[in-house]
Amino acid sequence: MKVLSSRRILRSAKVCAAAASAVLLVTNAHAGFFIPKGSTMAMGMYTPSESTFEVSYGLTRDTSIAASVSRMSDEKVTLTRLQASRLVGRVFHEDGIGNAYVFAGPLAVSGNATNGTRYGVHGGVWADYETRRIYGRVSWHGVKASAYRSSEVVAQAALAPYLADYEDIASWGGVQLKRKNGATQTELTPFVRFFRKDWWIDAGMSVNRANRKDLFVNVMHLF
């Protein structure tokens, strides 16, 4: 009986470990700040007011570094940033996981609006929670370089219509709220998300008055 009980315990532990690994593979691949150690992620994002290209690398399971270039069309400036991100909290539930990150680094701002190149810093916080059916996150990002300052708050909520395995194409429907300092309205963007293994694609269109019909596209690939 003792041998049988030990075998059952070992089998149960293996099942739990496999289940936990499956959840981590699916959920963490969606959480934009999670980059496996030794992996590289390329990300491209476009809206009519902003376009960004970023390359990130996972240094450890808790820390990643990144370099990015953003063109702010409405402000006529270009932001070049270096960044380090650190996982500061993680909560496991039966079928989901929550993460909290901090990130910061130096940056350079150039363009007509800044009258040359200005140097400064940027940083922020990011928190997300995900199961195989729901996803939510909120983040704040601030930039300061000489007379140029900017900040924004972004919140996302998404729901998956079906349970997808890691090998399948997972699809989500959601909404994004984005508020920049000085903006007269909060940008409201319904979007769809498709994810499979090392690809992640978001696409949507804003519906609030100031940004109506503005296209939003975000593509990530993990190498």
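Calculation rules
- Residues numbered from 1 in each chain as written.
- Predicted model: local features only at pLDDT ≥ 70, side-chain atom pairs only at ≥ 80, totals over all residues.
- Heavy atoms only, no water.
- Helix = DSSP H or I, 4+ residues; strand = E, 2+ residues; numbered from the N terminus.
- Buried < 20%, exposed > 50% of the residue type's maximum accessible area, 1.4 Å probe, protein only.
- Contact = heavy atoms within 4.5 Å.
- Pairing = 2+ DSSP bridges.
- Salt bridge = Lys/Arg side-chain N within 4 Å of Asp/Glu carboxyl O.
- Phe/Tyr/Trp six-rings, centres within 6.5 Å; stacked < 30°, edge-to-face > 60°.
- Lys NZ or Arg CZ within 6 Å of the ring centre and 35° of its normal.
- Axes fitted to C-alpha atoms, helices over the stretch in contact; angles between N-to-C directions.

Across its full length, the chain carries 1 helix and 12 strands. Listing every helix and strand of the chain by position from the N terminus yields α-β-β-β-β-β-β-β-β-β-β-β-β. Relative to its 223 residues, the chain shows a buried fraction of 39%. A separation threshold of at least 6 residues defines the contact pool for the chain, and within that pool the share at least 24 residues apart is 42%.

Next up on the list: the pairing of strand S3 (residues 63-72). Pairing between strand S2 (residues 50-58) and S3: 9 bridges, direction antiparallel. Residue pairing across strands places Phe53 opposite Val69, the latter belonging to S3. Counted along the chain from S2 to the antiparallel partner S3, the turn is 4 residues long. As paired strands, S3 and strand S4 (residues 77-92) are joined by 10 bridges and run antiparallel to one another. Its bridge partner lying in S4, Ser68 is registered against Arg81. Counting the residues in the hairpin turn of S3 and S4 gives 4 residues, including Lys76, whose phi is positive at 55 degrees.

This part is about the pattern of salt bridges. With the rule as written, the count across this model stands at 3 salt bridges. Put simply, Lys178 and Glu50 hold a salt bridge, and the shortest N to O gap is 3.4 Å. Note that Lys178 is positioned in strand S9 (residues 170-180) and Glu50 in strand S2, a separation of 128 residues in sequence. Take Lys178 and Glu50: they sit in the same class, and that class is buried. Put simply, Glu152 and Lys178 hold a salt bridge, and the shortest N to O gap is 3.6 Å. Taken together, the residues Glu152 in strand S8 (residues 148-159) and Lys178 in strand S9 connect sequence positions 26 residues apart. By relative accessible area, which is 10% here, Lys178 ends up buried. One network of salt bridges, with partners in common, ties together Glu50, Glu152 and Lys178.

With that settled, the discussion passes to the packing of aromatic side chains. According to the stated counting rule, one finds 0 aromatic pairs in the structure shown. The residue whose ring lies beneath Arg193 is Tyr135, and the NZ or CZ to ring-centre distance is 4.7 Å.

Let us now look at the pairing of strand S1 (residues 40-47). With 8 bridges joining them, S1 and S2 adopt antiparallel strand pairing. Paired with Thr47 across the bridge in S2 is Glu50. Hairpin geometry of S1 and S2 is characterised by an intervening segment of 2 residues between the two adjacent antiparallel strands. Sheet topology note: the S1/strand S12 (residues 215-222) ladder contains 6 bridges and is antiparallel. By the bridge assignment for S12, Met45 is matched with Asn218.

It is worth spelling out the sheet that holds S1 at this point. Within the closed barrel, the 12 strands sit side by side as S1-S2-S3-S4-S5-S6-S7-S8-S9-S10-S11-S12. Their pairing is antiparallel. Pairwise comparison of adjacent strand axes, ignoring direction, gives a mean angle of 15 degrees for this sheet. Inspection of the sheet shows strand S10 (residues 187-196) paired to strand S11 (residues 199-205) by 6 bridges, in the antiparallel sense. The partner of Arg193 across the bridge, within S11, is Asp202.

Everything listed here is a matter of geometry and, on its own, says nothing about what the molecule does.
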